[in-house]
Amino acid sequence: MDEKVRQKTLRMLSNGVYVLTSRSEDRYGAATVTWVSQASFKPPLIMAAVRRGSKVFECLAESRHAVLHVVGSRQQEIAKRFFYPTHAVCGTINGEAFMEGKTSAPVLPNLPAYVECEVEQIVDTHGDHAVVILRAVEAECRDRVQPLTMAETPWKYGG
């Protein structure tokens, strides 16, 4: 397979931009994620590919809770803050305010919608990302906005 053709083709898959957060005791993890999809109506399941070496993966694997946040089309700067290692201090994660959700995982109030989840299953792909199956246990939509997609950004993740 031609590597450049594969990369170009896989980058054409449509992907939204989300922020995934988790907490395990006093440790926090947060990351911008793009490989996300609804997986089931009943029960309400979401699947997300999460980098195995990330702090958010460590926290959700231990706590079995996470929050998936929708990023609005005009919120690239917020999404960009979670490209970097997680830094939680004084009620903020990477400079964004957070509050504790019903599952105790961090909820980012500046993003328009979120789904609090319990980890249903972690599928080992034997790759750099694991597929995490999340069961929705709480959701809130504070503002109906157009979600940000990778196609609207200068960023490349995939291929």
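Because the structure is predicted, anything quoted here is derived from the model rather than measured.

Caption draft 1: Focus on the packing of aromatic side chains. As enumerated under the stated definition, the model contains two aromatic pairs in all. Summarising the aromatic geometry, the rings of Tyr28 and Phe98 are spaced 5.1 Å apart at their centres and angled 55 degrees between planes, so their arrangement reads as tilted. Pair noted here: Tyr28 is in strand 2 (residues 27-33) and Phe98 is in the loop between strand 8 (96-97) and strand 9 (99-100), with a separation of 70 residues, a long-range link. Considering the side-chain rings of Phe83 and Trp155, the 4.7 Å spacing of their centres and the 80 degrees angle between planes classify their relative orientation as edge-to-face.

Caption draft 2: Structural context of the nonpolar core. The biggest cluster of nonpolar side chains holds 19 residues, and the ones touching the most others in it are Leu20 and Leu134. Every element with two or more residues in this core is listed here: strand 1 (18-24), strand 2, strand 4 (45-51), helix 2 (55-63), strand 5 (65-70), strand 11 (113-123) and strand 12 (129-141). If we ignore the near neighbours within four places in the chain, the residues touching Leu20 are Gly29, Ala30, Ala31, Val33, Val50, Val56, Leu60, Ala66, Val67, Leu68 and Leu134. Core analysis: the second largest hydrophobic core is formed by 15 residues, Tyr28, Phe98, Leu148 and Trp155 among them.

Caption draft 3: Structural detail: the side chain of Gln75. Its place among the elements puts Gln75 in the loop between strand 5 and helix 3 (76-81). Owing to a relative accessible area of 17%, Gln75 belongs among the buried residues under this scheme. Here Gly72 takes part through its backbone nitrogen, which lies 2.7 Å from a polar atom of the side chain of Gln75. Aside from chain neighbours lying at most four places away, what touches Gln75 is Asn110, Leu111 and Pro112.

Caption draft 4: Region of interest: the sheet that holds strand 4. Within the open sheet, the seven strands sit side by side as 2-1-5-11-12-4-3. Their pairing is antiparallel. Either end of the sheet is taken by a strand with one partner, and the two such strands are strand 2 and strand 3 (36-40). Ignoring strand direction, the axes of neighbouring strands in this sheet form an average angle of 35 degrees. Of the pairings in the sheet, the one linking strand 1 to strand 2 comprises seven bridges and is antiparallel in character. Each residue of the ladder has a partner; that of Ser24, found in strand 2, is Arg27. Here helix 2 sits on the sheet and contacts strand 1, strand 2, strand 4, strand 5, strand 11 and strand 12; the angle it forms with strand 1, its principal contact strand, is near 50 degrees.

Caption draft 5: Highlighting the sheet that holds strand 7 (residues 92-93). One open sheet holds the three strands; their spatial order is 6-7-8, and the pairing between them is antiparallel. A strand with exactly one partner marks an edge of an open sheet, and here the two such strands are strand 6 (88-89) and strand 8. Inspection of the sheet shows strand 7 paired to strand 8 by two bridges, in the antiparallel sense. Within strand 8, the position partnered with Thr92 by the bridge is Ala97.

Caption draft 6: Quick look at the environment of Gly16. Here Gly16 lies in the loop between helix 1 (3-10) and strand 1. Sequence separation between Gly16 and Leu148 is 132 residues, and the spatial gap between their C-alpha atoms is 5.9 Å. What Gly16 contacts, discounting residues up to four positions off in sequence, is Val33, Thr34, Leu148, Thr149 and Met150.

Caption draft 7: Seen up close, the pattern of salt bridges. Under the criterion given, the structure shown has seven salt bridges. For Arg52, the salt bridge identified is with Asp124, shortest N-O distance 3.9 Å. In this pair, Arg52 is assigned in the loop between strand 4 and helix 2 and Asp124 in the loop between strand 11 and strand 12, connecting sequence segments 72 residues apart. For Asp124, a relative accessible area of 41% gives the class partly exposed. With its nearest N and O atoms 2.6 Å apart, the salt bridge here joins Glu96 to Arg81. Here Glu96, found in strand 8, pairs with Arg81, found in helix 3; they are 15 residues apart in sequence, far enough to count as distant. Residue Glu96 is classed as buried on the basis of its relative accessible area, which comes to 5%. Using a relative accessible area of 34% as the deciding quantity, one classes Arg81 as partly exposed.

The rules behind each value
- Residues numbered from 1 in each chain as written.
- Predicted model: local features only at pLDDT ≥ 70, side-chain atom pairs only at ≥ 80, totals over all residues.
- Heavy atoms only, no water.
- Phe/Tyr/Trp six-rings, centres within 6.5 Å; stacked < 30°, edge-to-face > 60°.
- Helix = DSSP H or I, 4+ residues; strand = E, 2+ residues; numbered from the N terminus.
- Core = buried A, V, L, I, M, F, W, Y, C linked by side-chain atoms within 4.5 Å.
- Buried < 20%, exposed > 50% of the residue type's maximum accessible area, 1.4 Å probe, protein only.
- Contact = heavy atoms within 4.5 Å.
- Polar contact = N/O pair within 3.5 Å; in protein donor to acceptor, adjacent residues only side chain to side chain.
- Pairing = 2+ DSSP bridges.
- Axes fitted to C-alpha atoms, helices over the stretch in contact; angles between N-to-C directions.
- Salt bridge = Lys/Arg side-chain N within 4 Å of Asp/Glu carboxyl O.

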